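# Overview (structure and organization)
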Amino acid sequence: MLGPLILAASRSDKMRKIVSAAPVTKPVVNRFIPGETVDQVIPIVADLSQKGLEVTLDVVGEDITTVEQSYAARDAYLELIEHLKELELGERAEMSVKLSMFGQSLEGGHELALANVRPVVEAAAAIGTTVTLDAEDHTTLDSMFAIHEELRKDFPQTGCVIQAYLFRTEADARRLAAAGSRVRIVKGAYKEPASVAYQDKAEIDKAYVRILKTLMDGEGYPMIGSHDPRLIAITQELARKAGRKLDEYEFQMLYGIRSEEHLRLAAEGHRMRVYTAYGTDWYGYFMRRLAEKPANLLFFVRSMITKN
């Protein structure tokens, strides 16, 4: 019940100021976002790699309002790639990008976002890794999928994200489950109306499993974005039935959530990728993490009450 309220707050400038000013905010945010600069996050990447984990890196800050900010976002990713080059991790360290950060919502946004993201994808390919296009709210998806299709003409390893709670996603999954594709499936973390998305958790979970089966039975490379123990077990069973080897799919989980499970899956031989965000404009990302899991919200509120 609290999830939709938190998601609404994630778009509120007033709530942004209140949350950002709270003394307790920074230590809680640090649980999910381990740094504000690339210099701070690179040692985290190296440490995760040494533990047998892979990473996908997200420079937070999708709520931009100017073309200049979109160029800055592009340059932030290009700087990140220069640092990753020195680690020589190849595809073990990829990137996730939100096209809104590259100007998708601005005037002429589709073309602007494509022009900004292409050099990032090119630079990633040059160091042996790739980029995954994150899914945002449903109004952005046709543009995202069109950009994904265009990028794959030259960089077929470019991935994309689909969200189980949207009615459209089962059809999207059937289209995307083709040879060479890389598709991350998540439940969904945006406030969507009942006209386009399931609202009931049980229905979302059922849709997730149906979509996951489509991806496992297809010819692409599924990336399972979930912390749910039941869905992890179902994934393993569907992979077994589909005859997939352990390196023919991967699990993805957020930095700071179920860290011991990250290590357990990696120790069993699974590819386990940690979604690691960094940057100064963390508010929207942080609020969605609170909305996804009530325990995160309770921890934050309890801390605020105790500290103030």
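For the structure, see preceding data.
In what follows, the accompanying structure is described. (Residues numbered from 1 in each chain as written. Predicted model: local features only at pLDDT ≥ 70, side-chain atom pairs only at ≥ 80, totals over all residues. Heavy atoms only, no water.)

## As for the pattern of salt bridges
- For the structure shown, the criterion picks out 29 salt bridges.
- Arginine 184 is the partner of aspartate 134 in a salt bridge, and the nearest nitrogen-oxygen pair spans 2.6 Å. Of this pair, aspartate 134 sits in the loop between strand 3 (131–133) and helix 7 (141–154) while arginine 184 sits in strand 5 (residues 182–186), placing them 50 residues apart in sequence. The same class applies to aspartate 134 and to arginine 184, which are both buried.
- As a salt-bridge pair, arginine 273 and glutamate 250 come within 2.7 Å of each other at their nearest N and O atoms. With arginine 273 in strand 8 (residues 271–278) and glutamate 250 in strand 7 (residues 250–254), this pair connects stretches of sequence that are 23 residues apart. You'll find arginine 273 and glutamate 250 in the same group, each marked buried.
- Counted as one network, the salt bridges with shared partners bring together Glu54, Glu91, Arg92, Glu250, Arg271 and Arg273. (Salt bridge = Lys/Arg side-chain N within 4 Å of Asp/Glu carboxyl O. Helix = DSSP H or I, 4+ residues; strand = E, 2+ residues; numbered from the N terminus. Buried < 20%, exposed > 50% of the residue type's maximum accessible area, 1.4 Å probe, protein only.)

## Regarding the sheet that holds strand 2 (residues 93–97)
- Strand order in this closed barrel of eight strands is 1-2-3-4-5-6-7-8, and the pairing throughout is parallel. Between one strand and the next, the sheet's axes are offset by a mean angle of 30°, whatever the strand orientation. (Pairing = 2+ DSSP bridges. Axes fitted to C-alpha atoms, helices over the stretch in contact; angles between N-to-C directions.)

## Considering the nonpolar core
- Among the nonpolar cores identified, the biggest contains 69 residues, and Tyr77, Leu80, Met95, Val117, Leu133 and Ile162 are the most heavily contacted of them.
- Sort the elements by how many residues they give to this core and helix 6 (residues 109–126) lands first, with seven residues.
- Dropping the residues within four chain positions of it, leucine 133 is found in contact with Val97, Leu99, Val117, Met144, Ile147, His148, Leu151, Thr158, Gly159, Cys160 and Val161.
- Phe32, Ile33, Leu254 and Ile257 belong to the second largest nonpolar core, which has five residues in total. (Core = buried A, V, L, I, M, F, W, Y, C linked by side-chain atoms within 4.5 Å. Contact = heavy atoms within 4.5 Å.)

## Quick word on the packing of aromatic side chains
- Evaluation of the coordinates by the stated rule reveals three aromatic pairs.
- Ring plane angle 35° and centroid distance 5.7 Å describe the contact between tyrosine 77 and phenylalanine 102, whose orientation is recorded as tilted. Residue tyrosine 77 is located in helix 5 (residues 67–87), and its partner phenylalanine 102 is located in the loop between strand 2 and helix 6; the two are separated by 25 residues in the primary sequence. Residues tyrosine 77 and phenylalanine 102 agree in their burial class; the two are buried.
- On the basis of an interplanar angle of 80° and a centroid distance of 5.9 Å, the ring pair of tyrosine 249 and phenylalanine 251 is categorised as edge-to-face. Neither tyrosine 249 nor phenylalanine 251 differs from the other in exposure class; each is buried.
- Here arginine 175 stacks its cationic end above the ring of phenylalanine 145, 4.9 Å away from the centre of that ring. (Phe/Tyr/Trp six-rings, centres within 6.5 Å; stacked < 30°, edge-to-face > 60°. Lys NZ or Arg CZ within 6 Å of the ring centre and 35° of its normal.)

## Looking at the pairing of strand 4 (residues 159–163)
- Burial runs high along strand 4: five of the five residues are buried.
- Here strand 4 shows no split at all, with Gly159, Val161 and Gln163 on one side and Cys160 and Ile162 on the other all buried.
- Judged from the two bridges that link them, strand 3 and strand 4 form a sheet pairing that is parallel. Residue pairing for strand 4: threonine 132 is matched across the bridge by glycine 159.
- In this region the chain leaves strand 3, passes through helix 7 and returns to the parallel neighbour strand 4; the handedness of that crossover is right-handed.
- As paired strands, strand 4 and strand 5 are joined by four bridges and run parallel to one another. Residue pairing across strands places isoleucine 162 opposite isoleucine 185, the latter belonging to strand 5. (Right-handed = clockwise from strand over helix to strand, strands pointing away.)

## Some remarks on unusual backbone geometry
- The backbone of glutamate 88 sits at a positive phi, close to 55°, despite the residue not being glycine.
- We classify glutamate 88 as exposed; its relative accessible area is 70%.
- With phi around 55°, arginine 258 is a residue other than glycine that occupies positive phi space.
- Following the sequence through the fold, arginine 258 ends up in the loop between strand 7 and helix 11 (259–267).

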